[in-house]
Amino acid sequence: MIRAYSQAIAQLSDPKIRSVIWKSVAGTILGFILLIVGVGWALANTALFEITWVETAVDIFGGLATAVIAIILFPGIVGALVSVFLEDVADAVEAKHYPGLTAPLAMGWGTLISTSARLILLTIVLNLLFLPLYLIPGINIAAYYGVNGVLLGREYFEVVALRRLAPDEASALKKRHRLRIWMMGAATAFLFTIPVINMIAPVLGTAAMVHFFHRVRGG
């Protein structure tokens, strides 16, 4: 895992990667703005919690609650929003490090959009379900990286694997390396918590996952 991320960082100066970085930065900023607006609207207009005191606290501390929930949802939702650019990252990494490969399978916009929509939905549902645990010191860190490690690991692995494998083959490989894929996702989730770095976290996560995929595939 460390080697995969080291190789990803080393390629950030690649012109093909730099072009995606700017898209990632723009997508990250836009995604966070949309998150703040969307979460703020949801908190103001809906009852998200059945526990009365939690709902009351959210109403009183609306601005703070909006920021906290937006930060919690940030990795999965922003990762999904910028995932449409991430095939370019995989292309650049494979061109430099794996030049003997055949042309990748075409995923198509429909697949990318449906995968992104699914990740956004899972991110919202799972993080809201685990929200009570995020309020408990110590447990909150484990819960946060546990949930988002699963989400991001799955997302980036699929972006990379479906370029080279049929869906059933990609699924079988994912099951065999489930723990390591989670670790890759948790590392990317950690990058999303670092200011400035979080803007290029999707690029680093995808580039690292390309190296990881080719190692576990044996290619």
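Cut-off values and rules
Residues numbered from 1 in each chain as written. Predicted model: local features only at pLDDT ≥ 70, side-chain atom pairs only at ≥ 80, totals over all residues. Heavy atoms only, no water. Phe/Tyr/Trp six-rings, centres within 6.5 Å; stacked < 30°, edge-to-face > 60°. Helix = DSSP H or I, 4+ residues; strand = E, 2+ residues; numbered from the N terminus. Buried < 20%, exposed > 50% of the residue type's maximum accessible area, 1.4 Å probe, protein only. 1 Å grid on protein atoms, 1.4 Å probe; cavity = no way out; pocket = protein on both sides within 12 Å on 5 of 7 lines; lining within 4 Å. Points joined across faces, edges and corners; volume = space filled by probe spheres on them. Nonpolar A, V, L, I, M, F, W, Y, C, P; charged D, E, K, R; others polar. Axes fitted to C-alpha atoms, helices over the stretch in contact; angles between N-to-C directions. Parallel < 35°, antiparallel > 145°, perpendicular 65-115°, else oblique. Left-handed = near helix turned anticlockwise from the far one by under 90°. Contact = heavy atoms within 4.5 Å. pLDDT = per-residue confidence, 0-100. Core = buried A, V, L, I, M, F, W, Y, C linked by side-chain atoms within 4.5 Å. Patch = residues over 30% accessible without salt bridge, like charges linked within 9 Å, V, L, I, M, F, W, Y side chains within 5 Å. Areas by Shrake-Rupley, 256 points an atom, 1.4 Å probe, with all protein chains shown as cover. Salt bridge = Lys/Arg side-chain N within 4 Å of Asp/Glu carboxyl O.

## Considering the packing of aromatic side chains
Then comes step 1: Tallied over the entire structure, the rule returns four aromatic pairs.
Then comes step 2: Seen from their ring centres, Tyr134 and Tyr144 are 6.1 Å apart, and the 65° between their planes marks the pair as edge-to-face. Within this pair, whereas Tyr134 is found in helix 7 (residues 131-134), its partner Tyr144 is found in helix 8 (residues 139-161), the two being separated by 10 residues in sequence.
Then comes step 3: The exposure class assigned to Tyr134 is buried, which follows from its relative accessible area of 9%.

## Overview of empty space enclosed by the protein
Then comes step 1: Counting across every chain of the model gives one cavity of 30 Å³ or more.
Then comes step 2: Estimated volume of the largest cavity: approximately 50 Å³.
Then comes step 3: Lining the largest cavity are Thr115, Arg118, Leu119, Leu122, Leu151, Arg154, Glu155 and Glu158.
Then comes step 4: Listing elements by their share of the lining of the largest cavity, those giving two or more residues are helix 6 (108-129) and helix 8.
Then comes step 5: Of the residues contributing to the lining of the largest cavity, the split by class is three nonpolar, one polar and four charged.

## Description of the packing of helix 1 (residues 2-10) against helix 11 (residues 201-217)
Axis angle and axis distance: for two packed helices, these are the angle between their axes and the distance between the axes, and together they describe the pair.
Then comes step 1: Axis separation between helix 1 and helix 11 bottoms out at 8 Å; the angle between their running directions is 130°. Accordingly, the angle class assigned to the pair helix 1 and helix 11 is oblique. The crossing of helix 1 and helix 11 is right-handed. Packed against helix 1, whose contacting residues are Arg3, Ala4, Tyr5, Gln7, Ala8 and Ile9, the element helix 11 presents Leu204, Gly205, Ala207, Ala208, His211, Phe212 and Arg215 at the interface.
Then comes step 2: Partitioning the contact of helix 1 with helix 11 into residue classes produces eight nonpolar, three polar and two charged.

## Examining the confidence of the model for the chain
Then comes step 1: Residues at a pLDDT of 70 or more form 86% of the chain, whose mean pLDDT is 82.
Then comes step 2: Within the chain, no element has a lower average pLDDT than helix 3 (residues 52-60), which sits at 58, and none a higher one than helix 10 (residues 178-192), at 93.

## What to know about the nonpolar core
Then comes step 1: Ranked by size, the top nonpolar core spans 47 residues in total, and within it Val89 and Phe157 carry the most contacts.
Then comes step 2: Of all the secondary structure elements, the ones that give two or more residues to this core are helix 1, helix 2 (15-45), helix 4 (62-81), helix 5 (86-97), helix 8, helix 9 (167-176), helix 10 and helix 11.
Then comes step 3: Looking at which element gives the most residues to this core, the answer is helix 11, with 10 residues.
Then comes step 4: In contact with Phe157, not counting residues within four places along its chain, are Ala170, Leu173, Lys174, Ile181, Met209, Phe212 and Phe213.
Then comes step 5: The next biggest cluster of nonpolar side chains, apart from the first, holds nine residues, and it includes Ile72, Ala80, Tyr134 and Ala143.

## Topic: a nonpolar patch on the surface
Then comes step 1: A surface patch of nonpolar side chains, amounting to about 840 Å² of accessible area, comprises Leu121, Ile124, Val125, Leu128, Leu129, Phe130, Leu133, Leu135, Ile136 and Ile139.
Then comes step 2: Counting residues per element, the nonpolar patch draws most heavily on helix 6, at five residues.
Then comes step 3: With respect to the helices and strands, the residue Leu133 is situated in helix 7.

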